[in-house]
Amino acid sequence: SHSRPRESVTFMSYACSGADIGGSTIEGDGGVLSAFEGRETAAQMEIIQEKWPHWGFQPPADPIPLPSQLDAAVSDLCAQERKEPSGECEAGIRQPDVVVLSVGGNDIGFGRIITKMLTSSCREQCVDAIVAERIRALPARYDELARQIGQRLAPRQVLLMEFPNPTRGEGGAY
């Protein structure tokens, strides 16, 4: 920073498009708390291949799961000389000042919502049916996420970013 020339800032990104919160105590496709393959589901691939065959999308033959975003951050924040052979950090990790998250859209079925809106004539009913149950489960997912981040990273501050809702217009209607 110009105003504090003796301080440094390290930005570490663990962005993973399509990931959800996941975790050991909640079901999910993985990402923040559990390994993630980083690809569309078989059902999504079928729809894409059927609707837009000229795009030529083909799923990878043998995808390699990525470590969870939290595991990757913990590993990167542990100095190499303090790492155990198991990968665990023997003396704790460097504490981040701020963790910035944009998470929750895939947990409520963002991809399924967009797919339904693009491939069918239903709008409000489909969106409500997909989202209602998942929204009820979201508080537990956020609780698990907060617990894991607090235990494993212990940041001074966590910022949860809001993202736009593409299913509603400016006035709130579909």
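What counts as what
- Residues numbered from 1 in each chain as written.
- Predicted model: local features only at pLDDT ≥ 70, side-chain atom pairs only at ≥ 80, totals over all residues.
- Heavy atoms only, no water.
- Helix = DSSP H or I, 4+ residues; strand = E, 2+ residues; numbered from the N terminus.
- Buried < 20%, exposed > 50% of the residue type's maximum accessible area, 1.4 Å probe, protein only.
- Core = buried A, V, L, I, M, F, W, Y, C linked by side-chain atoms within 4.5 Å.
- Contact = heavy atoms within 4.5 Å.
- Salt bridge = Lys/Arg side-chain N within 4 Å of Asp/Glu carboxyl O.

Time to look at the environment of Ala137. When you line up the elements, Ala137 lands in helix H4 (residues 124–152). Judged by its relative accessible area of 35%, Ala137 is partly exposed.

A separate point is unusual backbone geometry. Despite not being glycine, Ala154 shows a phi value in the positive range, around 50°. In this fold, Ala154 is placed in the loop between H4 and strand S2 (157–160).

In this section: the nonpolar core. Membership of the largest hydrophobic core comes to 13 residues, with the highest contact counts inside it found for Leu33, Leu70, Leu101, Val103, Leu145, Ile149 and Leu153. Elements represented by at least two residues in this core include exactly helix H2 (69–76), strand S1 (98–101) and H4. When residues of this core are assigned to their parent elements, the largest contribution, three residues, is made by H2. Beyond its immediate sequence surroundings of up to four residues, Leu153 is in contact with Leu70, Ala73, Val74, Leu77, Ile93, Gln95, Pro96, Val99 and Gln148.

A complete count under the given rule lists four salt bridges for this structure. Among the ionic pairs, Asp71 bridges to Arg152, the shortest N-O distance being 2.8 Å. Linking Asp71 in helix H2 with Arg152 in helix H4, this pair joins segments that are 81 residues apart in sequence. Taking the relative accessible area as the measure of exposure, Asp71 reaches 34% and is therefore partly exposed. Between Asp97 and Arg156 there is a salt bridge, with the nearest N and O atoms lying 2.5 Å from each other. Of this pair, Asp97 sits in the loop between H2 and S1 while Arg156 sits in the loop between H4 and S2, and the two are 59 residues apart along the sequence. Relative accessible area serves as the criterion here: at 48%, Asp97 is assigned to the partly exposed category. Arg156 sits in the exposed class, given a relative accessible area of 56%.

Everything listed here is a matter of geometry and, on its own, says nothing about what the molecule does.
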